[in-house]
Amino acid sequence: MLTAITRGVSPLLAQCELTWLDREPIDVGLAVAQHDAYERALAEAGARVVALPALEGYPDCVFVEDPALVLDEIAVITTMGAASRRGERDSLAEALAPFRPVMRMNGPGKLEGGDVMRIGRALFVGLSHRTDADGIAELSALSVPYSYEVIAVPLVNCLHLKSACTFLGDGTVLINPEWVDAGAIGEYRFLAVHPTEAGAANALRVGSTVLMPSAYPRTAASLREHGFAVRELNLSELLKAESGVTCSSLVFEA
Ligand code: GLY
């Protein structure tokens, strides 16, 4: 079955890392309520939710996608580009241990899970402020023995590769072509975000449901026209922390 690991919201969320966004006031109580609704949506889409407690001293701890990558055979604990977040890793490694052998990046490179878009056995990895060529080489060394192919993808003007594009299943990639070149990804059906909704390319397919922030209604409507079952969630406070729907869970078969 599908399992989704999540983690609670830190009371320090408003002190989160920001790279491309200006800091805005965040209502942490509302963020907690929005995250609760996100967890319910994961469950209603068919995932068993394993909810970890917040790491209170880590403002970005709710964004569990970044410290780890879960493949079919192994879990990889990453060397995050955001040094302030590296203390999030050990408890996540413990949480993943019942599900996969856990391997750790320990070379000079850096990599965050938000930069990894998996399609089949291909791992597309964004070259971003948080992920570098050494980190990509290290992920290759860990995953190629399990028959994955690792492909580096340049991107601009956004935090992670999955800010710029996400795989929706059915051969389809949702993309902001201003941030990443579809040609670097390959032969898929690309659906572009609405031009007024730059942040809309981060969507999360769980079972037959595509979760999206309600901030992007035009892109959601387009996906529905293309046959996807879209569920929109109000994630206003978490979006201010430079996140999307993929950032707050690790979803895998277990
Ligand atoms: N605030 C999300 C991150 O920068 O990791």
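Above this text sits the structure in question.
Procedures and definitions
Residues numbered from 1 in each chain as written. Predicted model: local features only at pLDDT ≥ 70, side-chain atom pairs only at ≥ 80, totals over all residues. Heavy atoms only, no water. Helix = DSSP H or I, 4+ residues; strand = E, 2+ residues; numbered from the N terminus. Rg over C-alpha atoms; globule rule 2.2 N^0.38 Å. Buried < 20%, exposed > 50% of the residue type's maximum accessible area, 1.4 Å probe, protein only. Contact = heavy atoms within 4.5 Å. Areas by Shrake-Rupley, 256 points an atom, 1.4 Å probe, with all protein chains shown as cover. Lys, Arg positive; Asp, Glu negative; His and termini not counted. Charge placed at Lys NZ, Arg CZ, Asp CG, Glu CD. Pairing = 2+ DSSP bridges. Axes fitted to C-alpha atoms, helices over the stretch in contact; angles between N-to-C directions. Near = heavy atom within 4 Å. Polar contact = N/O pair within 3.5 Å; in protein donor to acceptor, adjacent residues only side chain to side chain. Phe/Tyr/Trp six-rings, centres within 6.5 Å; stacked < 30°, edge-to-face > 60°. Lys NZ or Arg CZ within 6 Å of the ring centre and 35° of its normal.

### Some details on the overall build of the protein
From N to C terminus, the protein includes six helices and 15 strands. The C-alpha radius of gyration computed for the protein amounts to 17 Å, which stays within 12% of the reference 18 Å derived for 254 residues, consistent with globular compactness. Projected onto the principal axes, the alpha-carbon positions of the protein cover approximately 45 × 40 × 35 Å. By residue count, 54% of the 254 residues in the protein fall in the buried class. Long-range contacts, defined as pairs at least 24 residues apart, comprise 69% of the intrachain contacts of the protein with a sequence gap of at least 6. For the protein, the accessible area works out to roughly 10200 Å², and carbon and sulfur atoms hold 53% of it. Across the protein, 20 positive and 32 negative side-chain charges occur, with their mean positions spaced 3 Å apart.

### As for the sheet that holds strand β9 (residues 165–169)
Reading across the sheet, the three strands line up as β9-β10-β11 and stay open at both edges, with mixed pairing between neighbours. Unpaired on one side and paired on the other, β9 and β11 (189–192) mark the two borders of the sheet. Strand-to-strand, the axes of this sheet are offset by a mean angle of 30 degrees, without reference to chain direction. Pairing between strand β10 (residues 172–175) and β11: four bridges, direction parallel. For Leu-174, the partnering residue across the bridge sits in β11 and is Leu-191.

### A word on the site of the ligand
Around the ligand, a shell composed of Glu-17, Asp-60, Phe-63, Arg-85, Arg-130, Leu-159, Ala-241 and Glu-242 is seen. Contacts to the ligand include Asp-60, whose side-chain N or O atom sits 2.6 Å from a nitrogen atom. With respect to the ligand, the side chain of Arg-85 contributes an N or O atom lying 2.7 Å from an oxygen atom. Burial of the ligand by the protein amounts to 99% of the accessible area it has alone, namely 200 Å².

### Structural notes on the packing of aromatic side chains
Taken as a whole and assessed by the stated rule, the structure comprises four aromatic pairs. With centroids separated by 5.4 Å and ring planes inclined at 65 degrees, the aromatic side chains of Phe-99 and Phe-252 adopt a geometry described as edge-to-face. With Phe-99 in the loop between α2 (89–96) and β5 (102–104) and Phe-252 in strand β15 (residues 250–253), the pair connects residues that are 153 residues apart, well separated along the chain. The buried category is assigned to Phe-252, whose relative accessible area is 5%. Centre to centre, the rings of Tyr-188 and Phe-190 are 6.5 Å apart; their planes meet at 90 degrees, and the pair counts as edge-to-face. Each member of the aromatic cluster is reached from another via a ring pair, and the members are Phe-124, Phe-167, Tyr-188 and Phe-190. Over the aromatic face of Tyr-148 sits the side chain of Arg-121, whose NZ or CZ is 3.9 Å from the ring centroid.

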